[in-house]
Amino acid sequence: MATTYAALLRGINVGGSRKVPMADLRTLMTGLGHDGVRTYLQSGQAVFTATHGDEESLAAELASAIEKQFGFAVDVIVRDHAYLKAVVEACPFPAAELEAKQLHVTYFSAPVDAERFAGVDQEAFLPEEFRLGDRVLYLYAPNGLGRSKLAEMLSRPRFTKGLIGTTRNWNTVVKLVEMTGD
């Protein structure tokens, strides 16, 4: 049975380096045997249907193919439609009332628990806030991600050690649910 997934590539096409043209990515993924490959924006989102593998093996397969094709390593997280939809439904912030630039989701490669982030003094960063979910961190940054001191702190190695993490704004989060649900 075929399952529709989104592949989230970390750190490509940013600042003119680590370029992965989306047309080339679609061709690469089709060559791996995936159907219905579509990309969204230039920042590393692809939707595809696969009849084999699971999230981890598909991510590893794609990461290996990207490194072979483009000559550099790229972290990849793959998630299915049901998971992506659950992330949207579980959002602890009033997404409908916020601008998309104010709400972000960091997808992690593995579960994270509150203990990992226990040292963060959340009150010191107000009105910015974060909440944890199922392999995600929701971030409310009212002045945007680029100005967020909390986002900067949460990206430090002591919080992310041993994890792949990649962040998307709320528009992209919602769009991936739509695209994987088609």
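All figures in this text were calculated on a predicted structure; none of them were measured in a lab.

1. A few points about the sheet that holds strand E2 (residues 35–40)
Reading across the sheet, the 4 strands line up as E2-E3-E1-E4 and stay open at both edges, with antiparallel pairing between neighbours. A single partner strand is all that each edge strand has here, and the edge strands are E2 and strand E4 (76–80). The mean inter-strand angle of the sheet, taken between neighbouring strand axes irrespective of direction, is 20°. The pairing of strand E1 (residues 3–9) with strand E3 (residues 45–50) spans 6 bridges and is classified as antiparallel. Bridge assignment links leucine 8 to a residue of E3, and that residue is glutamine 45. Across the sheet, helix H2 (residues 55–70) is in contact with E1, E3 and E4; its angle to E4 comes to roughly 145°. Contacting E1 and E4, helix H3 (residues 81–89) crosses the sheet at an angle of about 90° to E4.

2. Observations concerning the sheet that holds strand E7 (residues 136–140)
Spatially, E6-E7-E5-E8 is the arrangement adopted by the 4 strands of the open sheet, whose pairing is antiparallel. Of all the strands in the sheet, the pair left with one neighbour each is strand E6 (129–133) and strand E8 (165–169). Going from strand to strand, the sheet's axes swing by 20° on average, the running direction of each strand aside. One ladder, built from 5 bridges, connects strand E5 (residues 103–108) with E8; its direction is antiparallel. Following the sheet pairing, phenylalanine 108 is matched in E8 by glycine 165. The strands touched by H3 within the sheet are E5 and E7, with E5 carrying the most contacts at an inclination of about 140°.

The rules behind the values
- Residues numbered from 1 in each chain as written.
- Predicted model: local features only at pLDDT ≥ 70, side-chain atom pairs only at ≥ 80, totals over all residues.
- Heavy atoms only, no water.
- Pairing = 2+ DSSP bridges.
- Helix = DSSP H or I, 4+ residues; strand = E, 2+ residues; numbered from the N terminus.
- Axes fitted to C-alpha atoms, helices over the stretch in contact; angles between N-to-C directions.
- Contact = heavy atoms within 4.5 Å.

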